[in-house]
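Understanding the architecture of this molecule
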Number of protein chains: 4
Amino acid sequence: MTPSIKRLAEMFKKFPGIGPRQAERFVYFLLFQNDSYRRDLANQIVDLKEQISLCSSCFRFFQKNTASSSGLCDICSDPSTDKSLIMIVAKDIDLENIKRSGAYTGRYFVLGGLLPILEKHPEEKIRTTKLKDLLTTTLEKDNLREVIVALSANPEGDYTADFLKKYIGDIASATNPSTQIKISVLGRGLSTGTELEYSDSDTIKNALKNRE
Amino acid sequence: MTPSIKRLAEMFKKFPGIGPRQAERFVYFLLFQNDSYRRDLANQIVDLKEQISLCSSCFRFFQKNTASSSGLCDICSDPSTDKSLIMIVAKDIDLENIKRSGAYTGRYFVLGGLLPILEKHPEEKIRTTKLKDLLTTTLEKDNLREVIVALSANPEGDYTADFLKKYIGDIASATNPSTQIKISVLGRGLSTGTELEYSDSDTIKNALKNRE
Amino acid sequence: MTPSIKRLAEMFKKFPGIGPRQAERFVYFLLFQNDSYRRDLANQIVDLKEQISLCSSCFRFFQKNTASSSGLCDICSDPSTDKSLIMIVAKDIDLENIKRSGAYTGRYFVLGGLLPILEKHPEEKIRTTKLKDLLTTTLEKDNLREVIVALSANPEGDYTADFLKKYIGDIASATNPSTQIKISVLGRGLSTGTELEYSDSDTIKNALKNRE
Amino acid sequence: MTPSIKRLAEMFKKFPGIGPRQAERFVYFLLFQNDSYRRDLANQIVDLKEQISLCSSCFRFFQKNTASSSGLCDICSDPSTDKSLIMIVAKDIDLENIKRSGAYTGRYFVLGGLLPILEKHPEEKIRTTKLKDLLTTTLEKDNLREVIVALSANPEGDYTADFLKKYIGDIASATNPSTQIKISVLGRGLSTGTELEYSDSDTIKNALKNRE
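Residues numbered from 1 in each chain as written. Chains lettered and ligands numbered in written order. Predicted model: local features only at pLDDT ≥ 70, side-chain atom pairs only at ≥ 80, totals over all residues. Heavy atoms only, no water.

What follows covers the overall build of chain A. Scanning chain A from N- to C-terminus turns up eight helices and six strands. Taken against the 2.2 N^0.38 rule, which gives 17 Å for 212 residues, the C-alpha radius of gyration of chain A at 22 Å runs more than 25% over that of a compact globule. Summarising its shape, the C-alpha atoms of chain A cover approximately 65 × 55 × 40 Å along the three principal directions. By the burial criterion, 50% of the 212 residues in chain A qualify as buried. In chain A, 46% of the contacts between residues at least 6 apart in sequence involve partners at least 24 apart. Carbon together with sulfur atoms contributes 50% to the accessible area of chain A, which is approximately 9,900 Å² in total. Of the side chains in chain A, 30 bear a positive and 28 a negative charge, and the two mean positions are spaced by 4 Å. (Helix = DSSP H or I, 4+ residues; strand = E, 2+ residues; numbered from the N terminus. Rg over C-alpha atoms; globule rule 2.2 N^0.38 Å. Buried < 20%, exposed > 50% of the residue type's maximum accessible area, 1.4 Å probe, protein only. Contact = heavy atoms within 4.5 Å. Areas by Shrake-Rupley, 256 points an atom, 1.4 Å probe, with all protein chains shown as cover. Lys, Arg positive; Asp, Glu negative; His and termini not counted. Charge placed at Lys NZ, Arg CZ, Asp CG, Glu CD.)

In structure tokens:
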């Protein structure tokens, strides 16, 4: 294949979920676009770093704001955000989906992944130290009522949630033994579209326990 | 195709989820079995009616018992079944799946389907009259505490649940105005395997509301 | 689960492509049918053996004919069948599909499967001896022009075709050294729906070689 | 969502086969890469036009060569390319796949698509005029023996092939009435992986006709 096409296809092959054939199709797609589309795309890719920052409090990516230099994202710096709630999510994309639901008005913390099972120091793979810093500061300063561990309902998510519940509990007792912060996890039950005929026993048990 | 093979394939084509090709494969599969397998299969199909009854109380299919002639299934006639709970399910196969989870020890009622949306007299499609009979008798006799509406989490299931909550409430007030029976539905939230990245807003809202 | 339902579901689980849940659904489907449907189905299953014979020449299943007792199927006993052609297929269902195309008017021979790769005496798994008998008789009696090996285009099919070409060649030379029978395999190329973008190199090579 | 992330996701959504969620994942993937990866990707996208030309003879994309300014791609300018064969393909990606098979050593012509069925002037959607120019020149100059129409085996491909056979035939007779150029299409039959049980009648007919 033409070297320039091949080389660009190799880069697209690294994109999540993209195989060699689709990577090639991306290049041919770009060849059929006009110059201004290609230049616009390239500029946006390069400018990402200038446009986007990592929030120094919740570690989500956010649009840089030239007016402010707090290092805080729009959620963390918004006075209407409920500071007494922190929700821990694995990834930015989970956070965006939860935000879209409109069901939550507190702060977030992006963990950066799930705890890998069967690894020596799994807690080094995710932002445990940053979480400790945030919780310690918050426990001293703010009126923190609850930490919500919001992870996917799969084995790695459950393993990470168990780790976090203990980890956060220990931090809370060490920082301020008299505080009574609640550590919760997302509720389990039937999710939209679940059919009883195909549900596993855990889902049925949870759906029964949480009946309302 | 050979007429006998074609005719039997036509019957298998009526089985749930079976297309013409798989129906043919079933016939060739049977041709390769020995006589005793075929005879055994045929006998079991014919004997279903003699072996299986419809319970006169919960309307599930159950194994006939020559020793007893109550017309009641093993769950309804079991003294250890919690008579204060009735769980309404759409189909036998949902009931079997819930029973398998071991999470429920009360009685059941098989509705025979879900309420079709956009139909003149949808309540005639499901066992509403039988349900009324059961509830009336039970409210007079037993110490009924709760009716659990256990339906799939889809539009027809939700529509049926709304109908049943009102229908059961009306029966309860009419039969015994002083009773306080609870009418519940299965809890909503993340089900096993749900990933936050792909969850719809309703599931996220419910998972947050039911956090624990 | 109810024993009779469970037992019949166990039998359906042996059907090709049927898992435990679909097997259960089959039983509930039957419970909702009327007696005459169940009796009809059972009778057809039991009668298969009385209705269907294995042809003593081509080894396909065929409808027994009380008028004739030749042991030959309708194709083998049909005078309009072209006796100078024999097509070898793996299974009855392949034969039926080829017959449906209307493209072939010769005789068939059902091999009973494909040669398993990596087995000690693979030729014992398929009807090689019966094939030898048929070819020997035919070579002596009829004007056999061609044997068409009609197998699926996968590794086992190709392996079996290679075996058969040699096997048939040896039989032909041994029986009648002066005969010139053609041994052919199905043509390769683009099949309906094949897109060039996704074709493997073998298919492209064959499509080019067989261009017309 | 963050505006820069949203805007770039919108551009990726236009890529072939990419939905809104995967487009977002692409942006987060890029955010996690380092600056040099992003800069490299952007440069390659912008440079495509400088690196790649459209061949003035076969209309495929090819790597520009500073040493040569013929406007011809490496295949068209390669003296070892068999000039007596022209293969017409719909898209560059088909051409690359055929080239990869190593089965063809002649020239190509990229049509730019297939003839849309049910359109007023469908021939304006593909490079019919350029094809006419190429054929006229070639017929006068070179020893053209065969034009191979290499299109996918679907209704649009067949419709286009029928159109091209007549179109090319007319050009050939008009340009040089005494020439006998062959116009061929790719062979049909079983393609790799085809199972006889599931083949359509056309494929079976072709596989039989092209048996070898």
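This paragraph deals with the packing of helix α5 (residues 92–101) of chain A against helix α2 (residues 20–32) of chain D. Between α5(A) and α2(D), whose axes approach to 10 Å, the crossing angle comes to 135°. When the axis of α5(A) is compared with that of α2(D), the two are oblique. Across from A:D92, A:I93, A:E96, A:N97 and A:R100 in α5(A), the residues of α2(D) making contact are D:R21, D:E24, D:R25 and D:Y28. Here the contact of α5(A) with α2(D) is composed, by residue class, of two nonpolar, one polar and six charged. (Axes fitted to C-alpha atoms, helices over the stretch in contact; angles between N-to-C directions. Parallel < 35°, antiparallel > 145°, perpendicular 65-115°, else oblique. Nonpolar A, V, L, I, M, F, W, Y, C, P; charged D, E, K, R; others polar.)

What follows concerns the layout of surface pockets. Roughly 420 Å³ of internal volume is contained in the largest pocket. In this structure, the largest pocket is lined by 23 residues; those nearest its centre are C:A90, C:K91, C:D92, C:I93 and D:E197. Of all elements in the fold, only α2 (20–32) of chain B together with α5 (92–101) of chain C reach the threshold of two or more residues within the lining of the largest pocket. Tallying contributions element by element places α2(B) first for the lining of the largest pocket, with four residues. A breakdown of the residues in the lining of the largest pocket according to their chemical character gives 12 nonpolar, four polar and seven charged. (1 Å grid on protein atoms, 1.4 Å probe; cavity = no way out; pocket = protein on both sides within 12 Å on 5 of 7 lines; lining within 4 Å. Points joined across faces, edges and corners; volume = space filled by probe spheres on them.)

Let us now look at the relation of the copies chain B and chain C. Mapping chain B onto chain C calls for a rotation angle of 179° and an axial translation of 0.0 Å; the resulting RMSD is 0.2 Å. With respect to symmetry, the two chain copies, as superposed, fit the operation of a two-fold axis. The position closest to the rotation axis in chain B is occupied by the C-alpha of B:A42, lying 2.1 Å away. (Least-squares fit on C-alpha atoms with pLDDT ≥ 70 in both.)

All names here are of chain A. Most of strand β3 (residues 82–89) sits out of view: six of its eight residues are buried. Between β3 and its parallel partner strand β4 (residues 106–110), the chain crosses via α5, and the hand of that crossover is right-handed. Of the strand pairs in this sheet, β3 and strand β5 (residues 146–149) are connected by four bridges, and their pairing is parallel. Bridging from a neighbouring strand, I88 pairs with V149 of β5. (Right-handed = clockwise from strand over helix to strand, strands pointing away. Pairing = 2+ DSSP bridges.)

So, about the relation of the copies chain B and chain A. Here chain B sits on chain A after a turn of 180° about the axis and a move of 0.2 Å along it, with an RMSD of 0.1 Å. A symmetric contact is evident, with 100% of the interface residues of chain B recurring at the interface of chain A.

This next bit is on unusual backbone geometry. Not every positive phi belongs to a glycine, and B:F59 is a case in point at roughly 65°. With respect to the helices and strands, B:F59 occurs in the loop between β1 (52–54) and β2 (61–63).

Looking now at the environment of A:I18. Here A:I18 is to be found in the loop between α1 (3–13) and α2 (20–32). We classify A:I18 as buried; its relative accessible area is 7%. Among all residues touching A:I18, those that are not within four sequence positions of it are A:F12, A:K13, A:A23, A:F26, D:I18, D:Q22 and D:F26.

Turning our attention to helix α8 (residues 201–209) of chain A. Along α8(A), the residues that are buried comprise A:T203, A:I204, A:N206, A:A207 and A:L208. Elements in contact with the buried residues of α8(A): β3 (82–89), α5 (92–101) and β5 (146–149) of chain B.

Within the secondary structure, A:I204 sits in helix α8. If near-sequence neighbours (up to four positions away) are discounted, A:I204 is found in contact with A:L196, A:S199, B:N97, B:I98 and B:S101.

What describes a pair of aromatic rings is the distance from one ring centre to the other and the angle between the planes of the rings. If you walk through the whole model with that rule in mind, you get 46 aromatic pairs over all chains. Measuring from ring centre to ring centre gives 5.8 Å for A:F12 and D:F15, while their planes differ by 80°; the resulting arrangement is edge-to-face. You can see A:F12 sitting in helix α1 and its partner D:F15 sitting in the loop between α1 (3–13) and α2, one on each of two chains. Assessed through its relative accessible area of 0%, A:F12 is described here as buried. Ring geometry for B:F12 and B:F26: centres 5.4 Å apart, planes at 85°, overall edge-to-face. Linking B:F12 in helix α1 (residues 3–12) with B:F26 in helix α2, this pair joins segments that are 14 residues apart in sequence. Ring pairing ties together the aromatic residues A:F12, A:F15, A:F26, A:F29, A:Y37, D:F12, D:F15, D:F26, D:F29 and D:Y37, which thus form one cluster. (Phe/Tyr/Trp six-rings, centres within 6.5 Å; stacked < 30°, edge-to-face > 60°.)

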